[in-house]
Every structure is written in C-alpha cells, then in structure tokens.
Amino acid sequence: MSESFPRLNARTRRFTLGVPRGFTISPDGGRVVFLRTKTGTDPVTCLWELDTETHVERLVVDPRELHGEDEENLPPEERARRERSREAAGGIVAYATDFHVSKVCFALSGQLYVAELAGGRTRRLETPGAVIDPRLSPDGRHVAYVTGGALRVQDLASGHDRALAEPESPTVTYGLAEFIAAEEMDRMRGFWWSPQSDALLVERADEAPVQVWHIADPANPDRPATAQRYPAAGTPNAITELYVLGLDGSRVGVPYEEEYLANAAWDAHALSIVTLTRDQRTMRLFEVDPASGAKTLVREDTDPAWVDIVPGVPAHLDDGSLVWVANSEGGHRLFVGDRAVTPPTLQVRAVLDVDHDSVLFTASGDPTEIQLWTWDGHSLLPVSTRSGVFSGRMAGGVGVLTEQSLDAEGVSTTVVRRDGMAVPIPSFAEPPGLDLRVSIGRSGQRELATAVVLPSWHEPGSRKLPVLMDPYGGPHAQRVLNRRASYLESQWFAEQGFAVIVADGRGTPGRGVDFERAVLNDLATPALEDQIDALQGVAEQYPDDLDLSRVAIRGWSFGGFLAALAVLRRPDVFHAAVAGAPVTDWRLYDTCYTERYLGDPNEQPEVYEKSSLFADAAKLERPLLLIHGLADDNVVSAHTLRLSSALLAAGRQHSVLPLSGVTHMTPQEVVAENLLLLQVDFLKKALG
C-alpha cells in the first residue's frame, strides 16, 4: 500500500467513496438507479442506472461534465443539510424521481437539473435562486424545490416557475426540515407531493423563538461570526406548521398541537402525519383530509420514558393495512394493522420498503447483527442468512441487498431479480490494507456486546499490551456490529501497540426496550459503569494480554463526553483520555436529543448536574486531550472551552487542540489524517 492508513482513511472518507448507495427500483423492477463515485478516492458522486434484465450498467450523469469542477459552490442551506445527514462526498449526493422512475432531478452547486433516463438527456432549469431539495411530482410533469426559504414549482414542459409559498420574514422557511428534525429525528425533508401530483404537503418553520448563538472563526478575525439559531435544552424550538398547497393556488392548514412533526407520508391510501409531544412520551399518527385539513387519530403510542421514531413508517399495504413499528412486550415490533407480526425478541430497526403486500425491514435478534426480513402477508421470512449487517430495497418483485461482514472487505451489493438471479453492482472502494484481528463476544456482568481488537503481530500471552477503550457509548447509536468497517480505525490503533476494546453499554440499540431505557435521567453513570464492566470482563478473558495499569480511552461526540467523564470520575481505572467534540454540559446541547433522556432542565436541574462534567473538573489527575472543531454547529466549541476554563480554574493541567474551520464531521483530508496521528502520539506519551 503506497499510502499510510491515516491518509487513505481520510482520502476515501473512511472508505465510503466508490460504494454504491441511494438505490431506487423502478415499479416494474426493470431498472435500478443509484449513486456511486467513479473510484474509491474520487469525491464526486455520479448517477448510475442498471438494467436488471440485460445486467448492463450505465453512467447517467457525471457532475464534472455539467459543472466542470470538483468543488461545488453550495448554498448555506445545502451545506447545513449535508452536515445534518453526515454527507462526506460531493457531486450528486441526493436525487428524486417520478413514480415510474423515468426522470431524475437533482441539485448541483445550487443549480437545478432534470435527467431523462430513457433518452439520456440532462438539462439545467432556470431558477430565481440556489436550489435546495428538488423533488419531481409523481407524474413527472413538475419539479418542486426550495430557494430563499420559498417553495417553488416549475412546469417542465413550459418552464413556467412560480412560488407556492414565500417566507413572511427572514426567520421563516417553507419546505425545509428544521434543525431538530434533520439532526435528531432523521427527517431530512419538508414537503411531500400528493399521489395525484396536484398538491403538496408543506412544512412552514419559523425560527424566531429560537435563541441566536454566534459561531466565530478566531483564526480569521476579519470575518464576522456566523449567527445560528440553536434550540438548546429547555429553550424554545422553532414553530412548525403544515399546509396543503394546491397547484391551483389553494392553501389549507393542517393544525396539530404537538411540539414535533416526526414524519409525514402521502400515498394512495392516506395523507399521514406523525407528531410527538415535547416530552417525547406520546406519539400520534393522524390521517389528514387534504381538502379540509381535518385530522383523524389512527393510533397513539405512549411510553413512560420516551417513544422511538422508527424510519420508514407509516406505510400501507395494497389493501390499505397500516404498517407500523411500536414497543410491545419489551421489544420493538412490526405491526400490520393492529397485529404484531414479529416476536418481542426480534428488535425491528427500520422499515425499508413496502412492495404490494410485502414489507421489507431490518431487525436484530443478536444486537451485533442487523438482518433483513420480510413479512409477506402471511409469514415472517429471513432474507439474509449469513452473519453480518444488511440493508436493502424492494419494488416490483426485485430486491437490492447490501451486505457487510467481518469475513469480507467493504460493502457487497446484489440485485435479486424476480427469477432469483443475482446481479452484482460492483463497489469501487479502496481496500483499507489492514489485517483485522477482531473478536466479537459478550463481556462483563451485564454480558455487554464487546469487540476486542489486537495487533496483527501480537502473539497471545507473549506480552501485556496497554489498553485503549474506543467507545461511542451513547443511546441511539452502536459501535459493536459484525462488519469490518466498524473496526478499521480501532485496528490501526491496535497496530500501534494497543489492545483496543469497543463496548456497547446500556442505552445502545438492539437489545430491547429495557436495556435502552436504562439511561433515563442519567447519561453518565450507566455509560461509564458499562465501559468499566466491559474492560474487567475482557481482562478476565485475556489475562496475559491486557495491562490494566495503562488504560486509555478515546471518543468523539458522546464518545468524547464519555472519555472525559472516565478520567474525571474514575482515574483509578483510566489513565489517559482523548475527548473529541465532547458534550460537557447537556444544557448546551439541543432540545430533542437531550430532553428525550434527561427531561427539561428547568424542571429537573439535578438530573443535568449529574451528567455534567464541570463539577468534576477539580478531580482531574490524568492526561486529557480535548479536541474541538471551532465551526461545529452541532456540539458547539463552547463545550470544550468551558470545560477547559473550569479545569484551569481548578489548576488542573490539560491539553486543548482547537480545529479552525472544522465542523463536527472533520471532513478535511489533512485534518482527518493528522487527528489520528496526534491522538496516537498523545496516548503513547501519556501512558509512558
């Protein structure tokens, strides 16, 4: 390998470039449209199409032929959307089709394009401003998009372009998901076409009540700070409203009382909206009459802790039966109508597609596996049969199956035709060039899912290695999965001389409702206890390989919080920490995520004190490196700067690495590469 792992890891965006993604299957199953870069180091994403009958794959659109440059001139709203979706590539990173998948629309550098898949012609449409989130009408005659906060529609035949809704003030947008929806509810869109292509359901968001924060760039004092509306815990959210906007100029309000719009869907059976109360303990599904805006309550789910938002629902079978996911008997279960069709031991994670009377979904029996299943109207059938992490799509009797495992590099993608024939879609991703030595199992008193990563050169029992805990550790996310991609950076750290342990503690998904709810009102204690439990359990399994007198911990975001927490509260166990973009005071983090687990800080401030790091500043006696991007608009740099101030006031030595112009994603190649090198250097010195 000509390049070092840190450089290649950075150049390939953690080996995601060149991997097929973003699949759309035509209703007849004859074609699959998808996204992929041309090589594993090319950051420009192209649009491709596969003919499932002939197996012929063709390049539909290469952005360089349209734009001529690698770098895009993105409008601020698109940059924010990509940050929220953790999009690391460029080019055509999102697209939308008409119902028959005969046309595709996308935005490139703020310009609007439509491609005719049959004829191969791509044309740019004139718009009055930079375009965000364009979407074709189901009949393919119109394209709707957002520009300058206005929702506009263009007639493709005539070119006539008009605004259906324009913002009444600078704080208002139509058709865009507000910050909380995109960052914490995985809702990246703010408008939905009717099946008849004659109207749209549109979100109006007003950020006027949201407090203004300022994100400065100290490295460039000539530049003004960026003003951002940030809804921190206990403070007001944006006001969201819904309207049905007709192409005939009609406007019908769809009122709802709940704080959050979790999701919406408009299919042949119903216009549906899903709402969530501010405390997130009540979720309601409504059917809406688009002519009057009147709502009918379909179901209400409640939970004394919180109700989970599950991707892909609501949906409907051909007969109109509702497809839903809800907690029942301790598990996340798939419901069709009023009937639970999965057992409580199978944790449903997402509904991927509904094809006539069949439901394609992902679920976990073992938390380290994410398997594909179908419900065909009569029985529950496994689609994936090997160990690993799977996903997919389904339409017209044709399926797209993606597979990751510990046994093979990267992502394998296969199209399964109606006759059962498998047609591969190749990946162009670069191989990481690492010899993985990963063992996945259970450890500790709680039998936590744990991965142990040892150096490829290490002979078991030959010497005791310093230990590096490498968790995320927070709720709603998972590190220990049966796929190689989860452990590439961990293996590289192992090659530097560490025994690396990755453990998923209470709060992480895949083990059922009770395990996830164990972090309610305390994000610190269970997370830290479980890392120690896993460490001790692994030490019992590897008594001759782990040196418990030299234990470090590293993490990013919640993992950064956990790393700093570890050396502050348990210096008897942890001897050094690298905390990247840590949340240090949960009052500074956003409403939806934080209040889900800790409630309202105005009502129970003691809960927030228990999970804050500031009161522990005087306890620091171990080396701590804090890293933070100064342009981070998710976990703002105030978290690190305030903890550093508290440590300084307590006379505690520590190190701070500020990253000028870097966001929460750290997408810059040089930054991503050197962050790994600097962390290793710090940890080796700290552990002696």
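Note that this is a predicted model, so its numbers are computed, not measured.

A. Broad picture of the overall build of the protein chain. Secondary structure assignment for the protein chain yields twelve helices and 44 strands. C-alpha atoms of the protein chain, sized along the principal axes, occupy 70 × 55 × 55 Å. Residues counted as buried form 59% of the 688 residues belonging to the protein chain. Considering only contacts within the protein chain whose residues lie at least 6 apart along the sequence, 59% involve residues at least 24 apart. Total accessible area computed for the protein chain in this model is approximately 26,400 Å², and 49% of it derives from carbon and sulfur atoms.

B. Structural detail: the packing of helix 7 (residues 525–541) against helix 8 (residues 558–569). The contact between helix 7 and helix 8 brings their axes to 10 Å, and the two run at 75°. Viewed along their axes, helix 7 and helix 8 adopt a mutual orientation that is roughly perpendicular. Packed against helix 7, whose contacting residues are Thr525, Ala527, Leu528 and Gln531, the element helix 8 presents Phe558, Leu562, Leu565, Ala566 and Arg569 at the interface. Considering only residue class, the contact of helix 7 with helix 8 consists of six nonpolar, two polar and one charged.

C. Fine view of the pattern of salt bridges. Evaluation of the coordinates by the stated rule reveals 48 salt bridges. The shortest N-O distance in the salt bridge between arginine 284 and glutamate 300 comes to 2.6 Å. Placement of arginine 284 in strand 23 (residues 282–288) and of glutamate 300 in strand 24 (residues 295–302) is noted, with a sequence separation of 16 residues between them. Judged by relative accessible area, which is 21%, arginine 284 ranks as partly exposed. Two residues, arginine 569 and aspartate 616, come together in a salt bridge whose shortest N-O distance is 3.0 Å. Of this pair, arginine 569 sits in helix 8 while aspartate 616 is found in the loop between helix 10 (605–610) and strand 43 (624–629), placing the two residues 47 residues apart along the sequence. Classification of aspartate 616 as buried rests on a relative accessible area of 5%.

D. Representation of the packing of aromatic side chains. All told, the structure shown has 18 aromatic pairs when counted by the stated rule. Seen from their ring centres, tryptophan 306 and tyrosine 597 are 4.9 Å apart, and the 85° between their planes marks the pair as edge-to-face. Of this pair, tryptophan 306 sits in the loop between strand 24 and strand 25 (315–316) while tyrosine 597 sits in helix 9 (residues 591–598); the two residues are 291 residues apart in sequence, bridging distant segments of the chain. Comparing tryptophan 306 with tyrosine 597, the two get one shared label, buried. Relative to tyrosine 593, the ring of tyrosine 589 has its centre 5.5 Å away and its plane inclined at 90°; by these criteria the two rings are edge-to-face. Comparing tyrosine 589 with tyrosine 593 shows no difference in burial state: the two are buried. Every member of this aromatic cluster is reached through a ring pair, and the members are Trp306, Tyr472, Phe558, Phe561, Trp586, Tyr589, Tyr593 and Tyr597. Lying across the ring of tryptophan 48, arginine 36 places its NZ or CZ 4.2 Å from the centre.

E. Region of interest: the sheet that holds strand 9 (residues 122–125). Taken in spatial order, the four strands make up an open sheet running 6-7-8-9, and their pairing is antiparallel. Each of the sheet's edge strands pairs with one partner strand only, and the pair in question is strand 6 (96–97) and strand 9. Across two bridges, the pairing between strand 6 and strand 7 (residues 103–108) is antiparallel. When the sheet's bridge partners are listed, alanine 96 is paired in strand 7 with cysteine 105.

F. Seen up close, the sheet that holds strand 28 (residues 339–340). Read across the sheet, four strands follow the order 25-26-27-28 without closing on themselves; strand pairing throughout is antiparallel. Lying at the two open borders of the sheet, with one neighbouring strand each, are strand 25 and strand 28. Judged from the six bridges that link them, strand 26 (residues 322–328) and strand 27 (residues 331–336) form a sheet pairing that is antiparallel. Across the sheet, the residue bridging to tryptophan 324 is phenylalanine 335, located in strand 27.

G. Main features of empty space enclosed by the protein. According to the stated counting rule, one finds three cavities of 30 Å³ or more in the structure shown. Roughly 90 Å³ of internal volume is contained in the largest cavity. In terms of lining residues, the largest cavity is bounded by Glu178, Phe179, Ile180, Glu207, Val210, Arg229, Pro231, Asn237, Ala238, Thr240, Glu259 and Tyr260. Looking at the lining of the largest cavity residue by residue, the classes come out as six nonpolar, two polar and four charged.

Thresholds applied
- Residues numbered from 1 in each chain as written.
- Predicted model: local features only at pLDDT ≥ 70, side-chain atom pairs only at ≥ 80, totals over all residues.
- Heavy atoms only, no water.
- Helix = DSSP H or I, 4+ residues; strand = E, 2+ residues; numbered from the N terminus.
- Buried < 20%, exposed > 50% of the residue type's maximum accessible area, 1.4 Å probe, protein only.
- Contact = heavy atoms within 4.5 Å.
- Areas by Shrake-Rupley, 256 points an atom, 1.4 Å probe, with all protein chains shown as cover.
- Axes fitted to C-alpha atoms, helices over the stretch in contact; angles between N-to-C directions.
- Parallel < 35°, antiparallel > 145°, perpendicular 65-115°, else oblique.
- Nonpolar A, V, L, I, M, F, W, Y, C, P; charged D, E, K, R; others polar.
- Salt bridge = Lys/Arg side-chain N within 4 Å of Asp/Glu carboxyl O.
- Phe/Tyr/Trp six-rings, centres within 6.5 Å; stacked < 30°, edge-to-face > 60°.
- Lys NZ or Arg CZ within 6 Å of the ring centre and 35° of its normal.
- Pairing = 2+ DSSP bridges.
- 1 Å grid on protein atoms, 1.4 Å probe; cavity = no way out; pocket = protein on both sides within 12 Å on 5 of 7 lines; lining within 4 Å.
- Points joined across faces, edges and corners; volume = space filled by probe spheres on them.

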